[in-house]
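Chain residues, written in single-letter form:
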Amino acid sequence: MSDSLPVPLAHRVPDLAALELLLAVARLGSLGRAARELGITQPAASGRVRSMERLLGVALVERSPRGSRLTDAGVLVTDWARRIVEAAEAFDAGAQALRSRRDSRLRVVASMTIAEYLMPTWLVALRAERPGTAVSLLAGNSAAVAERLRAGEADLGFVEGLQVPPGLDGVVVGRDRLVVVAAPGHPWARRRAPLEPGELAATPLVLRERGSGTRQVLDAALAAHGGLAEPLLELASTTAAKAAAVGGAGPSVLSELAVGEELAARRLVEIPVADLELRRDLRAVWPAGHYPAGPARDLLGLTWSPAGQHA
């Protein structure tokens, strides 16, 4: 018994290009006309036929000054080739249908700050490029974004935080800064000296919930200063936390993207903090090993530039 491995089918069967050429020769009665129809030179067509004959071990085409005709073996092989090409055409039509179905919708899930302050502009731009794609956008904290992507419930996600969540790949699409803010009537708004990190950590604040990118960054930044005090309020959206701070409930730590208008109108005041780094990366993320395709790839292209870095 031989221990040799079987020769793969791809090494024993002519490729589709050769089979399509054989069918064209059978239909047109000329190797030259078949070559022109397929957009190749006659020498290339002749070489393709010879390679096919060597592979199969039989003569397929007889050439003469009057044209080209199939041998008896060529007629039989042509019949088989027709079935293979028809099956390949059906395969191609099915693949196109799958792509069309994929391209007809895009499911995006984004953390709250990105969903509220960046996604609208990106989606308007995507609409101009892909008017036929229906887009659904879900917003949640960064932990919820990761869960939906891992569960296959979204095609592309966007998160804020310190790193790419486990099980996902990602790329940095922007950077953001967290700022400490308070209503103008709060005592901190009248301070002349910056807050010390320990003072910020020890003060009950209006905070985003655990699992949000904002909370992750703040927890990490203040871990060396005793950690965060028990929150004054713990809210599930940036808009709610901002409204509470504007209303005078207490100081908050929010994205600079979210509070720009309130700072400009003096509805909130930024409170400087000494020696505290509160910058974070904004990332597009997707299931590990599955780079975005179709509309998801196009949306990623609208958000990411070579200045970003894969993470």
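Refer to the preceding data block for the structure.
Overview of the structure.

1. Overview of a negative patch on the surface
Here is step 1: On the surface, a cluster of negative charge is made up of Glu20, Glu86, Glu89 and Asp92.
Here is step 2: In terms of residue count, helix α4 (residues 72-103) provides more of the negative patch than any other element does, three residues in total.
Here is step 3: Mapping Glu86 onto the fold places it in helix α4.
Here is step 4: When its relative accessible area of 47% is taken as the criterion, Glu86 is described as partly exposed.

2. Concerning the environment of Val171
Here is step 1: Examined against the element boundaries, Val171 turns out to sit in strand β6 (residues 168-182).
Here is step 2: With a relative accessible area of 1%, Val171 lands in the buried category.
Here is step 3: For the pair Val171 and Ala284, spaced 113 residues apart in the sequence, the C-alpha separation amounts to 5.5 Å.

3. Examining a nonpolar patch on the surface
Here is step 1: A cluster of nonpolar side chains, contributed by Leu9, Val13, Leu16 and Ile84, occupies part of the molecular surface with about 320 Å² of accessible area.
Here is step 2: Within the fold, Leu16 resides in helix α1 (residues 16-28).

4. Re unusual backbone geometry
Here is step 1: Positioned with a positive phi, Arg266 is a non-glycine residue whose angle comes to about 65°.
Here is step 2: Along the chain, Arg266 falls in the loop between α11 (256-264) and β10 (269-270).
Here is step 3: In this model, Asp275 sits at a positive phi of 55°, which is unusual for a non-glycine residue.

5. Side note on the packing of helix α6 (residues 119-129) against helix α12 (residues 294-303)
Here is step 1: Contact pair α6 / α12: the axes reach a minimum separation of 10 Å and the direction vectors enclose 125°. The orientation of α6 relative to α12 falls into the category oblique. In the crossing of α6 with α12, the sense of the turn from one axis to the other is right-handed. On the side of α6, the interface is formed by Met119, Trp122, Leu123, Ala125, Leu126 and Glu129, while α12 contributes Pro295, Asp298, Leu299, Leu302 and Thr303.
Here is step 2: Class assignment of the residues belonging to the contact of α6 with α12 gives a composition of eight nonpolar, one polar and two charged.

6. Here we look at the pattern of salt bridges
Opposite charge on two side chains permits pairing when their charged atoms draw close.
Here is step 1: Under the counting rule described, the total for this entry stands at 23 salt bridges.
Here is step 2: Arg280 is the salt-bridge partner of Asp176, the closest N and O atoms lying 2.9 Å from each other. On the criterion of sequence distance, the pair formed by Asp176 in strand β6 and Arg280 in strand β11 (residues 279-287) is long-range, its members being 104 residues apart. Considered together, Asp176 and Arg280 belong to a single accessibility category, that of buried residues.
Here is step 3: Of the charged contacts, one joins Arg177 and Glu256 as a salt bridge, the two residues approaching to 2.8 Å between their closest N and O atoms.

7. Some thoughts on the side chain of Thr303
Here is step 1: Its place among the elements puts Thr303 in helix α12.
Here is step 2: For Thr303, the side chain forms a polar contact with the main-chain oxygen of Leu300, separated by 3.0 Å.
Here is step 3: Contact partners of Thr303, with chain neighbours within four places excluded, come to Trp122, Phe158 and Val173.

8. Overview of the pairing of strand β2 (residues 67-70)
Here is step 1: Note: strand β1 (residues 61-64) against β2, four bridges, orientation antiparallel. Paired with Val61 across the bridge in β2 is Leu70.
Here is step 2: In this structure, the hairpin formed by β1 and β2 is closed by a connection of two residues.

9. Focus on α1
Every α-helix carries 3.6 residues per turn, so stepping three or four residues along brings you back to the same face.
Here is step 1: Here α1 contains 13 residues, and its C-alpha end-to-end distance of 18 Å stays within 8% of the 18 Å for a straight helix at 1.5 Å per residue.
Here is step 2: When we look at burial in α1, the residues that qualify are Ala18, Leu19, Leu21, Leu22, Leu23, Ala24 and Val25.
Here is step 3: Where α1 begins, the side chain of Asp15 points an oxygen toward the backbone nitrogen of Ala17, at a separation of 3.3 Å.
Here is step 4: Just downstream of α1, Gly29 is the residue with a positive phi angle, here 70°.

10. Considerations on the packing of aromatic side chains
Here is step 1: In this structure the tally under the stated criterion is two aromatic pairs.
Here is step 2: On the numbers, 5.3 Å between centres and 40° between planes, the contact of Trp122 with Phe158 is tilted. Taken together, the residues span a long stretch of sequence, with Trp122 in helix α6 and Phe158 in strand β5 (residues 156-161) at a distance of 36 residues. One exposure class covers both Trp122 and Phe158, and it is buried.
Here is step 3: Ring geometry for Trp286 versus Tyr291: centroids 5.3 Å apart, planes at 75°, classification edge-to-face.
Here is step 4: Its relative accessible area of 3% is what places Trp286 among the buried residues.

What counts, and at which threshold
Residues numbered from 1 in each chain as written. Predicted model: local features only at pLDDT ≥ 70, side-chain atom pairs only at ≥ 80, totals over all residues. Heavy atoms only, no water. Patch = residues over 30% accessible without salt bridge, like charges linked within 9 Å, V, L, I, M, F, W, Y side chains within 5 Å. Areas by Shrake-Rupley, 256 points an atom, 1.4 Å probe, with all protein chains shown as cover. Salt bridge = Lys/Arg side-chain N within 4 Å of Asp/Glu carboxyl O. Lys, Arg positive; Asp, Glu negative; His and termini not counted. Charge placed at Lys NZ, Arg CZ, Asp CG, Glu CD. Helix = DSSP H or I, 4+ residues; strand = E, 2+ residues; numbered from the N terminus. Buried < 20%, exposed > 50% of the residue type's maximum accessible area, 1.4 Å probe, protein only. Axes fitted to C-alpha atoms, helices over the stretch in contact; angles between N-to-C directions. Parallel < 35°, antiparallel > 145°, perpendicular 65-115°, else oblique. Left-handed = near helix turned anticlockwise from the far one by under 90°. Contact = heavy atoms within 4.5 Å. Nonpolar A, V, L, I, M, F, W, Y, C, P; charged D, E, K, R; others polar. Polar contact = N/O pair within 3.5 Å; in protein donor to acceptor, adjacent residues only side chain to side chain. Pairing = 2+ DSSP bridges. Expected span 1.5 Å × (residues − 1). Phe/Tyr/Trp six-rings, centres within 6.5 Å; stacked < 30°, edge-to-face > 60°.

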